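Each chain, written out:
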Amino acid sequence: MSKNIVLDIENVSKQYRLGKVGTGTLSHDLNRWWASIRGKEDPYLKIGETNDRSKKGSSEYVWALKDVNFQIEQGDAVGIIGRNGAGKSTLLKLLSRVTKPTSGSIKYKGRIASLLEVGTGFHPEMTGRENIYLNGAILGMTKKEITRKFDEIVDFSGVERYIDTPVKRYSSGMYVRLAFAVAAHLESEILIVDEVLAVGDAEFQKKCLGKMGEISKGEGRTVIFVSHHMASIQNLCNTAVYMEHGTVKFSGNLEEAVNRYLIGNVNVKSSKNLAKKFNSPFSSHVSSISLHDVSSNEEKYSFRMGEEIKVRVECNILDPLDNIGLNVRLNDAYGQGIAGWRTSESNIHVPFRKNLIAEIVIKDLNIFDGNYYLTVAITNGKEAVDVVENVLNIEIVPERILNYPSIISKKFNLIYTPSSWCFPS
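Residues numbered from 1 in each chain as written. Predicted model: local features only at pLDDT ≥ 70, side-chain atom pairs only at ≥ 80, totals over all residues. Heavy atoms only, no water.

Attention shifts here to the environment of asparagine 11. Counting through the fold element by element, asparagine 11 comes out in strand 1 (residues 5–17). Considered as a pair, asparagine 11 and glycine 104 are 93 residues apart in the sequence and their alpha carbons are 4.7 Å apart. Sequence-distant contacts of asparagine 11, that is, excluding residues within four places in its chain, are made with Asp67, Val68, Asn69, Ser103 and Gly104. (Helix = DSSP H or I, 4+ residues; strand = E, 2+ residues; numbered from the N terminus. Contact = heavy atoms within 4.5 Å.)

Below you can see the structure in the form of structure tokens.
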């Protein structure tokens, strides 16, 4: 490895057999053993399917990771991002040596401290004090080194009153506070943190992010951080690895990795054949709804705060309507409408076509980050003739700086922001 490279991941793959522990059968173990003594490749490395949880597979073998390659330099703060099931946690378990790769190699320099899930490495019957020394010993530190950091660890964790209580009596929040404090303060060269910080309160999460930034920028140690919260990734990390279905799709520039995550994060693909799904009793219906990036027109369902959103609606109008209109509404997780756009309110004329396509570009939608749902309705001017409710899930991702809209009006308890409509023929 190069002098500045502290972690080198080369062609790393991890295979699991569904529903089994290990290889599952004695015959498989014998086949592997017979191949190894003949100097042959593991016969089960040639089979298996990609780890795509949205599809039903035919193979009982799954590649949680497949041919992962990247390097990390000393002092880097690296964000590992991707959807659930992308292989992020599996990768961290390999890096932390909780399990070993099926194939490939992981080379590293220095000691690794990891916080993968609440209580990792803690013994429930031992007190907080004893677990601090236990974790330090596991990391290869001397008792003298741990004692020197002990008061700082306890102060950071905020559980001083319970430090001599067995950790099995701790709440999940206390558990993660002490576990993070130990991992962050013991002098390892590499700190690995999974998204366990969600257990803590907002104040503690902020404190943890500040500590990880101090470790990386101030102390020159390496931090590997997994999170679905893009604002945390952007504020802490200087580089990122974007993963999808167990493979690395991009490694390098932070902004580029986040952009690829946003475009690739299709939570709910475009809703096709809605007429068959909803069996609308009205004379017209919405047949398809999809969301797109305004500049590239690529389909995507994750957007930054304030980013323009293109909504594409395809309709099959079975009977003529005298005064056709379209309504688009954004609902929160509780089904409450928070924003809406109506052609009638914008004085937009909707042409009558049997196969109508409407596109609306929503601008300056500075709502809080989170998941929202889209409802679309066709009207005859006064009342709805077809309504498709909460059909698409939209993820709004935090942004560092918000560009607040210059014009926001509110009608019918909904926010109206600037928008533009078009009707491609």
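Resuming the write-up.
What follows covers the sheet that holds strand 7 (residues 190–193). Strands sit in the order 6-7-8-4-9-10 across an open sheet of six strands; the sheet is mixed. Taken across any chain shown, the strands that pair with only one partner, and hence form the sheet edges, are strand 6 (112–115) and strand 10 (247–253). Taking each pair of neighbouring strands and ignoring which way they run, the sheet shows an average axis angle of 15°. The pairing of strand 4 (residues 77–81) with strand 9 (residues 239–244) spans four bridges and is classified as parallel. Along strand 9, the bridge assignment pairs glycine 79 with alanine 240. Lying over the sheet, helix 5 (residues 172–185) contacts strand 6 and strand 7, oriented at roughly 165° with respect to strand 6. The sheet strands contacting helix 6 (residues 202–218) are strand 4, strand 7 and strand 8 (222–226), and the helix crosses strand 8 at an angle near 145°. (Pairing = 2+ DSSP bridges. Axes fitted to C-alpha atoms, helices over the stretch in contact; angles between N-to-C directions.)

To continue, consider the environment of glycine 335. Its location among the elements puts glycine 335 in the loop between strand 14 (325–331) and strand 15 (337–342). Between the C-alpha atom of glycine 335 and that of threonine 375, which follows or precedes it by 40 residues, the distance is 9.9 Å.

The subject of this paragraph is the packing of helix 3 (residues 128–138) against helix 4 (residues 143–157). Orientation of helix 3 relative to helix 4, taken along the N-to-C sense of each, is 130°, at an axis distance of 10 Å. Between helix 3 and helix 4, the interaxial angle falls into the category oblique. The element helix 3 and its partner helix 4 pack so that their crossing is right-handed. Residues Arg129, Ile132, Tyr133, Gly136 and Ala137 of helix 3 form the contact with helix 4, whose participating residues are Lys143, Ile146, Thr147, Phe150, Ile153 and Val154. For the contact of helix 3 with helix 4, the residue count by class is seven nonpolar, two polar and two charged. (Parallel < 35°, antiparallel > 145°, perpendicular 65-115°, else oblique. Left-handed = near helix turned anticlockwise from the far one by under 90°. Nonpolar A, V, L, I, M, F, W, Y, C, P; charged D, E, K, R; others polar.)

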